[in-house]
Protein chains: 2
Amino acid sequence: MTFEISKSGDEDEIRRQIDHFVTAFCTKDLDLMMSLYAPEMVSYDIVPPLQDAGRDTYKNVWEKTFTLFGDSIDIDIRDLRISTGGNVAFSHNLLRIHGTKANGQKIDYWERLTLCFRKIDNNWLVVHEHVSVPVDFENGKAMVDLKP
Amino acid sequence: MTFEISKSGDEDEIRRQIDHFVTAFCTKDLDLMMSLYAPEMVSYDIVPPLQDAGRDTYKNVWEKTFTLFGDSIDIDIRDLRISTGGNVAFSHNLLRIHGTKANGQKIDYWERLTLCFRKIDNNWLVVHEHVSVPVDFENGKAMVDLKP
């Protein structure tokens, strides 16, 4: 993982939330994952639909995702940038997912992750998440073979 | 377009920047578009590469995009949400692009847009942009036929 130098306590707390995100993903810890989100969060996920509104809706998405991934998924974070101001913050980074899915399929691809936070009851919670890969409009394919 | 009720002057200013984004896109106004970005901005665009770092790099992307689009492109904004705090803000919305490309091809699809801002010299500038459509991992296709 490549992290920038910390500049503030808020940045440290955002970084800790991103660490939790990675840990929750790799260990399939649904409770830890859901603890990161505000109730009214809006997700633009890498898979359809266009958006998921609300933590309860998105919980179902993570449950389904965890059934698809096996027990040997690893994640690398790269080019992380964090901006904080008052009770609002955002982060963005490239994220590599590699390992074996529950069906035995090997996966290894880079995606882009943007997280937008609000400080609610002294806790930085994700109110918006955007995950994607680029698209080749010539052939309509998602580009899962790009490397930074 | 569907906009939320304004809650602050900062929200009004962010909304104005998004209006400028739409106007610049539809009128292919490169100067207006580039006036929205901070020099050190990072873009996760709908097309490759994984990321574009820096306004000058991203200017080339917009120049190329404008050559692809015809003179009758229209944009609808939907489900816009804006959060502001101190000198940091973010917005997200669904965005419909419809019209005719320069090669005569009709287009009409919804994408997701996240903009992250910093207030620099009293001006809200985009330091991060993330644009995407979801992916169908079953067939590897980008999903450009989804509707909200």
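Residues numbered from 1 in each chain as written. Chains lettered and ligands numbered in written order. Predicted model: local features only at pLDDT ≥ 70, side-chain atom pairs only at ≥ 80, totals over all residues.

## Some words on the overall build of chain A
Of the regular secondary structure elements, chain A holds three helices and eight strands. Listing the helices and strands of chain A from first to last along the sequence gives α-α-β-β-α-β-β-β-β-β-β. Relative to the globule expectation of 15 Å for 148 residues, the C-alpha radius of gyration of chain A, 15 Å, shows essentially globular dimensions. Overall, chain A is about 45 × 30 × 30 Å in size when its C-alpha atoms are taken along their principal axes. The 148 residues of chain A split such that 34% are buried. When contacts within chain A are restricted to residue pairs at least 6 apart in sequence, those whose partners lie at least 24 apart make up 51%. (Helix = DSSP H or I, 4+ residues; strand = E, 2+ residues; numbered from the N terminus. Rg over C-alpha atoms; globule rule 2.2 N^0.38 Å. Buried ≥ 20, exposed ≤ 12 C-beta atoms within 10 Å, placed from the backbone. Contact = placed C-beta atoms within 7 Å.)

## Description of the relation of the copies chain B and chain A
Its rotation angle being 180°, the transformation that places chain B on chain A also includes 0.0 Å of axial translation and leaves an RMSD of 0.0 Å. Such a turn and shift between the copies fits a two-fold axis. (Least-squares fit on C-alpha atoms with pLDDT ≥ 70 in both.)

## Here's the deal with unusual backbone geometry
Trans is the common state for peptide bonds, and a negative phi is the common state for residues other than glycine. The peptide bond linking Pro48 of chain A to Pro49 of chain A adopts the cis configuration, its omega dihedral lying at 10°. In this structure, Pro49 of chain A sits in the loop between strand S1 (37-44) and strand S2 (52-53). Despite not being glycine, Asp79 of chain B shows a phi value in the positive range, around 55°. In this fold, Asp79 of chain B is placed in strand S3 (residues 74-85).

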